[in-house]
Amino acid sequence: MTGFFRNGHCDNLAEDDGCHTVCVEVTQEFLQFSRAAGNDLSTPRAEYGFPGLKPGDRWCVCAARWLECVEAGVSSPVALAATHERHVEIVPL
């Protein structure tokens, strides 16, 4: 279940400097690009209770990272209903 509160939405806290507000349905290409950029989202991390993502999973990502992916031509579909409105501070709608 995605989101800081694991409620399926990218609810946001002021303390979230990364602005994890964009809910994406990850693709293989997105996962590969993210790994190459230093953010491996596909490898399980048991110490954090993180199972690792597979294509089709939804996850809240940093708005700046999503924009970086879009600009590189590797965007993932966005679940707007689960995306926090704060994302427009970084990503124009």
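Calculation rules
Residues numbered from 1 in each chain as written. Predicted model: local features only at pLDDT ≥ 70, side-chain atom pairs only at ≥ 80, totals over all residues. Heavy atoms only, no water. Buried < 20%, exposed > 50% of the residue type's maximum accessible area, 1.4 Å probe, protein only. Helix = DSSP H or I, 4+ residues; strand = E, 2+ residues; numbered from the N terminus. Arc of directions from axis to C-beta. Contact = heavy atoms within 4.5 Å. Polar contact = N/O pair within 3.5 Å; in protein donor to acceptor, adjacent residues only side chain to side chain. Disulfide = S-S within 2.5 Å. Salt bridge = Lys/Arg side-chain N within 4 Å of Asp/Glu carboxyl O.

(A) Representation of helix H1 (residues 28-36) within the structure. Every buried residue of H1 is listed here: Phe30, Leu31 and Ser34. Relative to the axis of H1, the buried residues are bounded by an arc of 100° and lie together on one face. Considering only its buried residues, H1 is in contact with strand S1 (20-25), strand S2 (58-62) and helix H2 (63-71). Where H1 ends, the next residue or the one after it, Gly38, has phi of about 100°, a positive value.

(B) Inspection of the side chain of Ser34 at higher detail. Within the element layout of this structure, Ser34 appears in helix H1. At 2.8 Å, the side chain of Ser34 and the backbone oxygen of Asn39 are in polar contact. When near neighbours in sequence (up to four residues on either side) are disregarded, Ser34 contacts Asn39, Asp40, Leu41 and Arg65.

(C) Molecular detail of the state of the cysteines. What the rule picks out here adds up to one disulfide. Here Cys10 pairs with Cys60 through a disulfide, and the sulfurs are 2.0 Å apart. Handedness of the Cys10-Cys60 disulfide follows from its S-S torsion of about -100°: it is left-handed. Residue Cys10 is found in the segment before S1, and its partner Cys60 is found in strand S2; the two are separated by 50 residues along the sequence.

(D) Expanded view of the pattern of salt bridges. Throughout the structure, instances matching the rule amount to four salt bridges. Among the ionic pairs, Asp40 bridges to Arg35, the shortest N-O distance being 3.6 Å. Here Asp40 falls in the partly exposed class, since its relative accessible area comes to 32%. The class for Arg35 is partly exposed, based on a relative accessible area of 39%. Of the charged contacts in the structure, one is a salt bridge between Arg65 and Glu68, with a shortest N-O distance of 3.2 Å. Separated by three residues within a single helix, Arg65 and Glu68 lie in helix H2, roughly one turn from each other. Looking at Arg65, the relative accessible area reads 19%, which means it is buried. A relative accessible area of 34% means that Glu68 is categorised as partly exposed.

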